[in-house]
Amino acid sequence: MALTLRVANVNLGFESSCSRSSSVSLNSSKSRSFVFRCSQVQQLSTTEESENSLIEALVGIQGRGRSSSPNQLNAIEQAIQVLETLGGVSDPTNSSLIEGRWQLIFTTRPGTASPIQRTFVGVDFFSVFQEVYLRTNDPRVSNIVSFSDAIGELKVEAAASIKDGKRILFRFDRAAFSFKFLPFKVPYPVPFKLLGDEAKGWLDTTYLSHSGNLRISRGNKGTTFVLQKQTQPRQKLLTAISSGVRVREAIDELISLNKKSEDKEPELEEGEWKMIWNSQTVTDSWLENAANGLMGKQIVGKNGRIKYVVDILLGLKFSMTGNFVKSGPKVYEVTMDDAAIIGGPFGYPLEFGKKFILEILFSDEKVRVSRGDNGIIFVHVRADASR
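These numbers were taken from a predicted model, which means no experiment stands behind them. (Residues numbered from 1 in each chain as written. Predicted model: local features only at pLDDT ≥ 70, side-chain atom pairs only at ≥ 80, totals over all residues. Heavy atoms only, no water.)

Chemist: For this particular structure, what's the right way to read the overall build of the protein?
Modeler: A tally of helices and strands in the protein yields seven helices and 20 strands. Residue burial in the protein is summarised as follows: out of 387 residues, 43% are buried. On the protein, roughly 21000 Å² of surface is accessible, and the fraction owed to carbon and sulfur atoms is 52%. (Helix = DSSP H or I, 4+ residues; strand = E, 2+ residues; numbered from the N terminus. Buried < 20%, exposed > 50% of the residue type's maximum accessible area, 1.4 Å probe, protein only. Areas by Shrake-Rupley, 256 points an atom, 1.4 Å probe, with all protein chains shown as cover.)

Chemist: Please explain the environment of K229 as it appears in this structure.
Modeler: As for its position among the elements, K229 is in the loop between β11 (224-228) and α5 (233-243). Given a relative accessible area of 30%, K229 falls into the partly exposed group. K229 sits 14 residues away from R215 along the chain, and the two C-alpha atoms are 8.6 Å apart. Discounting chain neighbours no more than four positions away, the residues touching K229 are L97, I98, E99, G100, R101, W102, G212 and N213. Within the structure, K229 has its side chain in polar contact with the backbone oxygen of E99 (distance 2.6 Å). (Contact = heavy atoms within 4.5 Å. Polar contact = N/O pair within 3.5 Å; in protein donor to acceptor, adjacent residues only side chain to side chain.)

Chemist: So what exactly am I meant to see when it comes to the pattern of salt bridges here?
Modeler: A side chain of one charge can pair with a side chain of the opposite charge if their charged atoms are brought near each other. Within this structure, the stated rule accounts for 20 salt bridges. The salt bridge partner of D173 is R140, with a shortest N-O separation of 2.8 Å. Of this pair, D173 sits in strand β7 (residues 167-179) while R140 sits in strand β5 (residues 140-148); the two residues are 33 residues apart in sequence, bridging distant segments of the chain. A salt bridge links D197 to K200; its shortest N-O distance comes to 3.5 Å. Owing to a relative accessible area of 42%, K200 belongs among the partly exposed residues under this scheme. (Salt bridge = Lys/Arg side-chain N within 4 Å of Asp/Glu carboxyl O.)

Chemist: What is the right way to read the packing of aromatic side chains from this model?
Modeler: Between two aromatic rings, the relevant description is the distance of the centres plus the angle of the planes. For the structure on display, the rule yields seven aromatic pairs. With a centroid separation of 5.8 Å and 75° between ring planes, the pair formed by F324 and Y332 is classed as edge-to-face. In this structure an aromatic cluster arises from ring pairing among F147, F177, F179, F181 and Y188. Over the ring of W202 we find R167; its NZ or CZ atom is 3.7 Å from the centre of that ring. (Phe/Tyr/Trp six-rings, centres within 6.5 Å; stacked < 30°, edge-to-face > 60°. Lys NZ or Arg CZ within 6 Å of the ring centre and 35° of its normal.)

Chemist: Quick question: what am I supposed to make of helix α2 (residues 70-86) here?
Modeler: In this model α2 runs 24 Å from its N-terminal to its C-terminal C-alpha over 17 residues, within 8% of the 24 Å that 1.5 Å per residue would give. Residues of α2 that are buried: I76, A79, I80 and L83. Down the axis of α2, the buried set is contained in an arc of 100°. They therefore lie on one face. Set apart from the buried face of α2 by more than 90 degrees, the exposed residues are P70, N71 and T85. G87, located one to two residues past α2, shows a positive phi value of around 80°. (Expected span 1.5 Å × (residues − 1). Arc of directions from axis to C-beta.)

Chemist: Just to check I follow, could you spell out the pairing of β5 for this structure?
Modeler: Within a regular strand, the side chains alternate between the two sheet faces. Most of β5 is tucked away: seven of the nine residues are buried. Counted between consecutive antiparallel strands, the loop separating strand β4 (residues 127-133) from β5 contains six residues. In sequence, β5 turns back onto strand β6 (residues 152-162) through a hairpin of three residues. (Pairing = 2+ DSSP bridges.)

Chemist: Just to check I follow, could you spell out the side chain of S217 for this structure?
Modeler: As for its position among the elements, S217 is in strand β10 (residues 214-219). On the basis of relative accessibility, which here comes to 1%, the residue S217 falls in the buried class. At a separation of 3.5 Å, a polar atom in the side chain of S217 contacts the side chain of T205. Residue contacts for S217: discarding those within four places in its chain leaves L203, D204, T205, T206, T223, T224 and F225.

Chemist: Mind showing me how you'd approach the side chain of E157 here?
Modeler: As for its placement among the helices and strands, E157 is situated in strand β6. Under the relative-accessibility criterion, E157 is labelled buried at 14%. Contact partners of E157, with chain neighbours within four places excluded, come to R140, V141, S142, R171, F172, D173 and R174.

Chemist: What is the right way to look at a nonpolar patch on the surface in this model?
Modeler: Taken together, the side chains of L313, L314 and L316 define a hydrophobic patch exposed on the protein surface, amounting to about 340 Å² of accessible area. The residue L314 is located in the loop between β14 (305-311) and β15 (316-328) in this model. Using a relative accessible area of 83% as the deciding quantity, one classes L314 as exposed. (Patch = residues over 30% accessible without salt bridge, like charges linked within 9 Å, V, L, I, M, F, W, Y side chains within 5 Å.)

Chemist: Any chance you could explain the nonpolar core here in plain terms?
Modeler: One finds L268, F318, M320, F324, V334 and M336 to be the most contacted residues of the largest nonpolar core, which totals 20 residues. Elements with a contribution of two residues or more to this core: α7 (286-291), β14, β15, β16 (331-343) and β18 (354-363). It is β16 that contributes the most residues to this core, five residues altogether. Other than its neighbours up to four places away in sequence, V334 contacts I306, N323, F324, K354, K355, F356 and L358. Listed in part, the 18 residues of the second largest apolar core include I251, L254, F362 and I377. (Core = buried A, V, L, I, M, F, W, Y, C linked by side-chain atoms within 4.5 Å.)

Chemist: Before we go on, may I ask you to explain the pairing of β7 in this structure?
Modeler: The pairing of β6 with β7 spans 11 bridges and is antiparallel. Residue pairing for β7: A160 is matched across the bridge by F170. Following β6, the chain reverses through four residues before pairing antiparallel with β7. Taken together, the two bridges between β7 and strand β8 (residues 186-187) define a ladder with antiparallel strand orientation. If you follow A176 over to β8, its bridge partner there is P187. Between β7 and β8, which follow one another and run antiparallel, lie six residues.

Here's what the structure looks like:
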């Protein structure tokens with residue numbers, strides 16, 4: 001007797017053959033295959049959404065986690081736990097996807113962290129990588145601090161072995177600086193052989209994405225690491241701003257890629273936006289800088305209202321309000337005409353006013369890149385929790 005199973009309609013945010021109610025005969029090999037494929041599609045969709053949630057939570061994090069607020073850390077930890085619960089590639093240490101060069105984008109910083117981690121990891125000016133090569137005659141895990149393309153790097157290497165499907169055992173045994181201006185390597189002054197068990201450790205891979213681009217690992221000293229093989233352009237921009245290196249290049253890359261894959265026109269979205277970078281050199285007058293939007297927050301309201309807010313000191317704020325009207329694709333006419341110094345319920349009006357054209361070059365739920373008056377480029381990140 002043939003049994004029939006009805007696959008319920010499951011809304012995963014996209015259309016697929018699994019999103020319809022279907023009758024499936026359980027004594028059919030095709031039916032069993034269909035159910036299995038549906039389950040795989042649903043799981044992969046949920047996993048991709050959870051990966052995106054983690055990446056979104058990491059937006060704006062500086063120092064690879066050093067300058068994180070409690071709310072940010074809580075959101076990141078929750079996203080990590082979701083992915084670890086869902087599971088990625090089974091037995092990641094036995095998968096070729098774990099091999100290669102990974103860039104560190106976030107880490108916790110317990111007091112037991114290594115001197116290298118305490119010294120270099122929290123500095124955005126440096127890029128930090130981990131290389132994993134387990135399928136060679138000399139299996140190794142290496143931690144690399146890249147100072148810059150012009151200066152060079154520090155590479156700390158460890159002999160590695162696989163304990164099980166998740167754990168890598170390692171022992172640090174050599175390290176050296178490679179400077180571009182020297183034809184030889186400079187040994188890193190740590191006597192690994194004399195350190196004994198202090199030079200040993202283990203690394204558990206608790207999540208490895210099926211794309212091979214995202215990895216979560218936990219170390220023997222209680223540190224959690226989030227690493228990527230290919231950093232997203234938006235994250236590259238935020239890292240470049242933090243380090244002050246190649247910001248223009250990162251902006252150009254983000255805008256270029258956005259144009260190629262642009263599904264909809266970027267807009268001036270509502271919410272609170274914090275200015276984190278601009279191409280204009282600030283003047284000696286903070287009042288002029290504030291009025292030009294070179295500092296503080298920008299609040300985009302409903303019905304075409306916009307406000308600049310800058311905290312001064314002792315509870316005093318500079319506030320400047322105005323309105324905007326869309327005048328073309330990605331282009332807005334902005335008029336700022338109501339400025340004041342605010343202290344509690346009191347305000348002291350200022351004679352400030354200006355009109356300018358604002359062009360939105362890139363915008364999503366977390367980051368906005370725009371071009372304002374005199375061609376000044378601005379980068380804002382969302383400061384509220386509305387998205």
